[in-house]
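Descriptive analysis of the structure
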Amino acid sequence: MKIVVTIIGQDRVGIVARAAALLAERRVNILDINQNIVHGFFNMVLIAEMAEAGGGLRGVQEAFREMGTEMGLDIKVQHEDIFLAMHKV
Amino acid sequence: MLELREILETNRMIGENRLDVRTITLGISLRGCARESGPALCRAIYDKITTTARNLVRVGEEIEATFGVPIVHKRISVTPISMVAESSGLASYVPVAEAMDRAAREVGVNFIGGFSARAEKRLAESDRILIASLPEALAATEIVCSSVNIGSTKAGINMDAVREMGRTVKKTAELTAERDAIGCAKLVVFCNAVEDNPFMAGAFHGIGEGDLAVNVGVSGPGVVKHALEAVRGQPLDEVAETVKRTAFKITRVGQLVAREAARRLGAPMGIIDLSLAPTPAIGDSVAHILEEMGLEKCGGPGTTAALALLNDAVKKGGLMAAQHVGGLSGAFIPVSEDAGMIDAAASGALSLEKLEAMTCVCSVGLDMIAIPGSTSAETIAAIIADEAAIGMINAKTTAVRVIPVPGKEVGDSVAFGGLLGHCPIMRVNPTRADAFIARGGRIPAPVRSLTN
């Protein structure tokens, strides 16, 4: 199962590092990262594979919720099927 | 691989444009619950609902978390109670409504539909008992919804039932007068009712359905409005294409959720209802889509044409995205539940007569319209008959959910709260149809019913 992590918020040091570490701890493998800064705002979309992950989607969502609260970021973690359903026929 | 813009587009639709799955409605057959005593019947219905739907809300919330898309309602529809209760010997079906209410609260859904009767040709004794029970049942329960089918293209219009429903709407309003006649918001009178509708108040689990069905209603007026902002001034062909493309995307999400809900609940997937269902929230209005097309105000000249285009394009776009399409499928125009409709009604641009014309080209009918409390039962019956005639002749579903608010007149307004919204009291044509309604009998099935 693949997940899509979307992170939006004020740019600061350590967002990518924290997100990558969080995923690595749970053995979630990053497949693709798209990141940029627009008018000082940090935007990142990350696609990752959960095949070897422990703790399931809920665990990852909970960990990112804590990270979002601590760093003042808006973070979504979604199953990729919602995007595939909408955009890929 | 997914593209960045696709991911951002989906999340913008959900975040800014209020894309949601409006409802997962679990249809439950109560055919096996028929019993020869009232208490046994009520117990069987309570047990059936609480065991069958015990995971519905949790599953809905899990799917919502997995995909990051709101699933606003989790609901239940059941076999029309006039059929299930027929051999119970009960002289009133109020206890059955109360059992439904208790069961639905127990499993945590926010509405249960199916306190219903089908009487398009004649009223059977059980239909009479159900209709007579309606005012008290709707006053005594919180989340039970009811519908009565009084006509169809195949059967014509049962004017005895129409007359009865005019009185029933009035009595329901009186019994819930202290809450601005909220009982009437839970009562729909249909022509050509559909058996797999996931939307309230008109949902019931049809007699031709299996034991269970997962029916899903999609939504997203805000998404369509936003998409049309990009084609301002362009020909209407482009408007239709844009609506189609958007409806396709919205419906694919509904299909995904329906498939997943069916799998997790261990129930067959029923249908996707391709509907644009507004809410009173800003940015979630069907009226504002019509205004985006170029109308100064919804309800003015051009409204019916714009709505016809919208309704047809939603169906064309959604059709290819869903495995099975059903329910009401079209744009809804409930007045109190749509910020643009509320504005249009308050400004005088939108009248009851224009709404009636609009129902010829869109989903369902006169919906969530507050009218003066002084409106007579005969006039309400005549409004129901007019709407049913449109459904019968055009082979489409039409419905009436009007709320005659006791003590209120044109110039007043009423607030129902939550998704039921608020609206001004709308003017009703004062000329009377009492003698027409008093005739009773049946309006024969139209020529177009003879399709075999």
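Every value quoted in this text rests on a predicted model; they were computed, and no experiment measured them.

To continue, consider the overall build of chain A. Within chain A, the regular secondary structure consists of 3 helices and 4 strands. N-terminal to C-terminal, the α/β element order of chain A is β-α-β-β-α-β-α. Taking 89 residues into account, the globule formula puts the C-alpha radius of gyration at 12 Å, and chain A, at 13 Å, falls close to it. When its C-alpha atoms are laid out on the principal axes, chain A stretches across 35 × 30 × 20 Å. Taking all 89 residues of chain A together, 43% fall into the buried category. The long-range fraction of contacts in chain A, counting pairs at least 24 apart against all pairs at least 6 apart in sequence, stands at 69%. For chain A, the exposed surface amounts to about 4,500 Å²; the carbon and sulfur share of it is 51%. Across chain A, 9 positive and 11 negative side-chain charges occur, with their mean positions spaced 2 Å apart.

Where side chains of opposite charge bring their charged atoms close, a pairing between them can arise. As enumerated under the stated definition, the model contains 30 salt bridges over all chains in all. The salt bridge involving A:Arg18 is made with A:Glu70; its shortest N-O contact spans 3.0 Å. Taken as a pair, A:Arg18 in helix α1 (residues 15–25) and A:Glu70 in helix α2 (residues 56–71) lie far apart in primary sequence, 52 residues in all. Given a relative accessible area of 54%, A:Glu70 falls into the exposed group. A salt bridge links B:Glu292 to B:Arg232; the shortest N-O distance between them is 2.6 Å.

Before going further, it helps to spend a moment on the domain arrangement of chain B. Many descriptions give the size of an interface as the accessible area lost when the pieces come together. All names here are of chain B. Taken domain by domain, chain B comprises domain 1 (26–191) and domain 2 (217–449). Taking only C-alpha atoms, the centre of domain 1 and the centre of domain 2 are 22 Å apart. On the side of domain 2, 54 residues touch domain 1, which itself brings 44 residues to the contact. For the pair domain 1 and domain 2, the summed buried area comes to about 3,700 Å², and 70% of that belongs to carbon and sulfur atoms. Looking at the side of domain 1 facing domain 2, the largest losses of area belong to Thr-153, Ile-157 and Met-159, adding up to 18% of the total buried there. Across the contact surface, domain 1 and domain 2 share 2 salt bridges.

All right, on to the interface of chain B and chain A then. In this complex, chain B contributes 24 residues to the contact, which on the side of chain A involves 23 residues. In this assembly, chain B packs against chain A so that about 2,200 Å² is buried in total across both faces, 69% of it on carbon and sulfur atoms. Where chain B packs against chain A, one counts 1 salt bridge. Residues A:Lys88 and B:Glu6 are paired through a salt bridge, measuring 3.3 Å at the closest nitrogen-oxygen approach.

Another point: the environment of B:Ala435. Residues and elements named next belong to chain B. With respect to the helices and strands, the residue Ala-435 is situated in helix α15 (residues 434–439). Given a relative accessible area of 61%, Ala-435 falls into the exposed group. A C-alpha to C-alpha distance of 47 Å links Ala-435 and Glu-106, two positions 329 residues apart in sequence.

So, about the packing of helix α8 (residues 221–229) of chain B against helix α9 (residues 236–265) of chain B. Residues and elements named next belong to chain B. Contact geometry of α8 with α9 gives a least axis separation of 9 Å together with a crossing angle of 140°. Relative to α9, the element α8 lies oblique. As for how α8 packs across α9, the hand of that crossing is right-handed. Contacts from Val-223, Val-224, Ala-227 and Leu-228 of α8 reach α9 at Val-239, Thr-242, Val-243, Thr-246 and Ile-250. Residue composition of the contact of α8 with α9, grouped by class: 7 nonpolar, 2 polar and no charged.

For the rest of this paragraph, the subject is unusual backbone geometry. Residue and element names in this part refer to chain B. Backbone torsion omega between Met-200 and Ala-201 reads 10°, so that peptide bond is classified as cis. Positionally, Ala-201 belongs in the loop between β7 (187–191) and β8 (212–218). The backbone of Ser-329 shows a phi angle near 40°, a positive value even though the residue is not glycine. Residue placement: Ser-329 occurs in the loop between α11 (303–319) and α12 (339–347). For Ser-329, a relative accessible area of 11% corresponds to the buried category. Unlike most non-glycine residues, Met-368 shows phi in positive territory, near 55°. Looking at the secondary structure, you find Met-368 in strand β10 (residues 366–372).

Turning our attention to the sheet that holds strand β3 (residues 41–49) of chain A. All names here are of chain A. Reading across from one edge, β2-β3-β1-β4 is the order of the 4 strands in this open sheet, with antiparallel pairing throughout. Of all the strands in the sheet, just β2 (29–38) and β4 (73–79) have a single pairing partner and so form its edges. Each strand of the sheet is rotated relative to its neighbour by a mean of 10°, with strand direction disregarded. Across 7 bridges, the pairing between strand β1 (residues 2–10) and β4 is antiparallel. Following the sheet pairing, Gly-9 is matched in β4 by Leu-73. Together, β1 and β4 form the strand contacts of α2, whose direction differs from that of β4 by roughly 170°.

Residues and elements named next belong to chain B. A full pass over the atoms with the stated rule returns 1 aromatic pair over all chains. Pairing Phe-199 with Phe-332 gives two aromatic rings, centres 4.8 Å apart and planes at 80°, and the pair type is edge-to-face. Taken together, the positions of Phe-199 in the loop between β7 and β8 and Phe-332 in the loop between α11 and α12 put the pair 133 residues apart, joining distant regions of the chain. One exposure class covers both Phe-199 and Phe-332, and it is buried.

Reading guide: rules and limits
Residues numbered from 1 in each chain as written. Chains lettered and ligands numbered in written order. Predicted model: local features only at pLDDT ≥ 70, side-chain atom pairs only at ≥ 80, totals over all residues. Heavy atoms only, no water. Helix = DSSP H or I, 4+ residues; strand = E, 2+ residues; numbered from the N terminus. Rg over C-alpha atoms; globule rule 2.2 N^0.38 Å. Buried < 20%, exposed > 50% of the residue type's maximum accessible area, 1.4 Å probe, protein only. Contact = heavy atoms within 4.5 Å. Areas by Shrake-Rupley, 256 points an atom, 1.4 Å probe, with all protein chains shown as cover. Lys, Arg positive; Asp, Glu negative; His and termini not counted. Charge placed at Lys NZ, Arg CZ, Asp CG, Glu CD. Salt bridge = Lys/Arg side-chain N within 4 Å of Asp/Glu carboxyl O. Domains from an automatic or database assignment. Buried area = accessible area lost by both parts, 1.4 Å probe. Axes fitted to C-alpha atoms, helices over the stretch in contact; angles between N-to-C directions. Parallel < 35°, antiparallel > 145°, perpendicular 65-115°, else oblique. Left-handed = near helix turned anticlockwise from the far one by under 90°. Nonpolar A, V, L, I, M, F, W, Y, C, P; charged D, E, K, R; others polar. Pairing = 2+ DSSP bridges. Phe/Tyr/Trp six-rings, centres within 6.5 Å; stacked < 30°, edge-to-face > 60°.

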